[in-house]
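If you want the building blocks of each chain, they are given just below.
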Number of protein chains: 2
Amino acid sequence: MKKLESNTEELIFASAIKIFHKKGLAGARMQEIADEAGINKAMLHYYFRSKQLLFEAVFKKAFMQLAPQIHQVLNSEDSLFEKIINFTDKYISFVMENRFLPTFIIQELNNNPDFANQFFSQAEFPKSTRFLIQIEEGIQNGTIKNVNPKQLLIDMFSLAIFPFIGAPLLQKITNVNESAYNNLLIERKKHIASMLINSIKK
Amino acid sequence: MKKLESNTEELIFASAIKIFHKKGLAGARMQEIADEAGINKAMLHYYFRSKQLLFEAVFKKAFMQLAPQIHQVLNSEDSLFEKIINFTDKYISFVMENRFLPTFIIQELNNNPDFANQFFSQAEFPKSTRFLIQIEEGIQNGTIKNVNPKQLLIDMFSLAIFPFIGAPLLQKITNVNESAYNNLLIERKKHIASMLINSIKK
DNA sequence: GTCTATAGCCAGATAGAC
DNA sequence: GTCTATCTGGCTATAGAC
């Protein structure tokens, strides 16, 4: 693992994250990453061998910053409603600090289907089974309405993730400036949870 | 390939759409577009001058396939609930036939902020004012709960668009195969509408 | 209008001095 | 480990024959 190794490696990695997150694999330039790090191109290859490998390290890091958190929320001992509240709150708080992360992940999964498949076959992926069962139990209890649990799962992710990915579009269509849009994002922590719960609570 | 496109320009354009939608501006190759069209690279430049101009034509076309439809739904004479129903139904039906379209648009807006700004400054954009006012009226009428209208607008877009953009991720997390995921998408036409309406109806 | 051939440039990757 | 210089290949774009 990466510990107190050379801090050059970490410097390169941090710069690579910045550039790859903003421009994606195809759009990023090794020279730009080197400039961002204040060193020369050759060092990137010295530490990471190739652009592809550097990208894969960046992607894995990005994915691992999100996946375990999501897994933990979905598989905790909490009630269904608590999970919905926790998920939206935690996810939005985290992504506000890492604004390009979801766009980057989703974009690269779409643009590199082969890489995506290979990655998924070896990565630890958040499990949703427990969450889905809790929904079914709620339906049978009569505490929540009859919905397809998978739709509800998709809803939850869509409501939390898309406002970041679609920001340029949504900011225009809601007709607000950047700072007002940020306030909407913060407000969403509570909004999404209450909206989801309202829609299923009997 | 479509037979109706007897002329070369349209053949090139159709091929460019295919490739740009799948790989984006940075990832697309002029050679690949030429191969897709079954002609040689030089023709692309003969008809469209440069990769950038070809891309801009493709992007504009993509945007114009969606924007007017959305504008029309949001600004019709229909009631709020009818608009929600129409929007989700129409949008999902259309995008199922043009699967890469939303991903392409969103991705390029994120990757090319300068182009995005320049584009937005001259493109006709769907207006949401009327829709937002209808929500406020509903709140004052007492027919719907007290929500921030802009949040509801963001919700509606998120629920309809993200399932396409995030398909690779969502398919994995819901643990279904491609055909089952497609069925979920079709089911969403009704699901989203009823979920939105349930969440705000008093 | 359509092709082949190629110019010209730029990106990723490597060699080798220090 | 870090640098400069350079190789090699691929990409956009153009020239020019037909």
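Everything below is about the structure printed above this text.
These remarks concern the structure in this document. Keep in mind it's a predicted model, so treat the numbers as computed, not measured. (Residues numbered from 1 in each chain as written. Chains lettered and ligands numbered in written order. Predicted model: local features only at pLDDT ≥ 70, side-chain atom pairs only at ≥ 80, totals over all residues. Heavy atoms only, no water.)

1. Digging into the layout of surface pockets
Next up, step 1: In this structure, the largest pocket encloses a volume near 1,000 Å³.
Next up, step 2: As for the largest pocket, its lining consists of 41 residues, and the residues nearest its centre are B:Leu109, B:Asn110, B:Asn111, B:Asn112 and B:Pro113.
Next up, step 3: Breaking the lining of the largest pocket down by element, the ones donating at least two residues are α1 (7-27), α6 (101-111), α10 (167-174) and α11 (178-200) of chain A together with α1 (8-27), α6 (101-111) and α7 (113-122) of chain B.
Next up, step 4: Ranked by residues supplied to the lining of the largest pocket, first place goes to α1(A) with eight residues.
Next up, step 5: Residue composition of the lining of the largest pocket, by class: 16 nonpolar, 15 polar and ten charged.
Next up, step 6: Considering the residues around the second largest pocket, the lining is formed by 21 residues, among which A:Leu109, A:Asn110, A:Pro113, B:Ala167 and B:Pro168 are closest to the centre.
Next up, step 7: Taken together, the elements giving at least two residues each to the lining of the second largest pocket come down to α6 and α7 (113-122) of chain A together with α1, α10 (167-174) and α11 (178-200) of chain B. (1 Å grid on protein atoms, 1.4 Å probe; cavity = no way out; pocket = protein on both sides within 12 Å on 5 of 7 lines; lining within 4 Å. Points joined across faces, edges and corners; volume = space filled by probe spheres on them. Helix = DSSP H or I, 4+ residues; strand = E, 2+ residues; numbered from the N terminus. Nonpolar A, V, L, I, M, F, W, Y, C, P; charged D, E, K, R; others polar.)

2. Quick word on the protein's contact with DNA strand C
Next up, step 1: Taken together, 15 residues are adjacent to DNA strand C, and A:Met30, A:Lys51, B:Thr8, B:Asn40 and B:Tyr47 come closest.
Next up, step 2: Of all atoms in DNA strand C that approach within 4 Å of the protein, 62% are sugar or phosphate atoms.
Next up, step 3: One nitrogen or oxygen atom from the main chain of A:Met30 is found 2.9 Å from a phosphate oxygen belonging to DNA strand C.
Next up, step 4: Between DNA strand C and the protein, one listed contact pairs a base nitrogen with a side-chain N or O atom of A:Lys41 at 3.1 Å.
Next up, step 5: Taken together, the elements giving at least two residues each to the surface near DNA strand C come down to α3 (41-48) of chain A together with α3 (41-48) of chain B.
Next up, step 6: For the surface near DNA strand C, the element with the highest residue contribution is α3(B), accounting for four residues.
Next up, step 7: Taken together, the residues of the surface near DNA strand C sort by class into eight nonpolar, four polar and three charged. (Near = heavy atom within 4 Å. Polar contact = N/O pair within 3.5 Å; in protein donor to acceptor, adjacent residues only side chain to side chain.)

3. Observations concerning the protein's contact with DNA strand D
Next up, step 1: Lining the immediate environment of DNA strand D, one finds 15 residues, of which A:Thr8, A:Asn40, A:Tyr47, B:Lys41 and B:Lys51 sit closest.
Next up, step 2: Within 4 Å of the protein, the contacting atoms of DNA strand D are 60% sugar and phosphate, with bases supplying the remainder.
Next up, step 3: Taking B:Arg29, its side chain carries an N or O atom lying 3.5 Å from a phosphate oxygen of DNA strand D.
Next up, step 4: With respect to DNA strand D, the side chain of B:Lys41 contributes an N or O atom lying 3.3 Å from a base nitrogen.
Next up, step 5: With four residues, the top contributor of residues to the surface near DNA strand D is α3(A).
Next up, step 6: Here the residues of the surface near DNA strand D are counted per class, giving eight nonpolar, four polar and three charged.

4. Digging into the side chain of B:Lys83
All names here are of chain B.
Next up, step 1: Structurally, Lys83 is set in helix α5 (residues 80-97).
Next up, step 2: Reaching out from Lys83, the side chain makes a polar contact with the backbone oxygen of Leu74 at a distance of 2.7 Å.
Next up, step 3: A polar atom in the side chain of Lys83 sits 3.3 Å from the backbone oxygen of Ser76.
Next up, step 4: Apart from the residues within four sequence positions on either side, Lys83 is in contact with Val73, Leu74, Asn75, Ser76, Asp78, Arg130, Phe131 and Gln134. (Contact = heavy atoms within 4.5 Å.)

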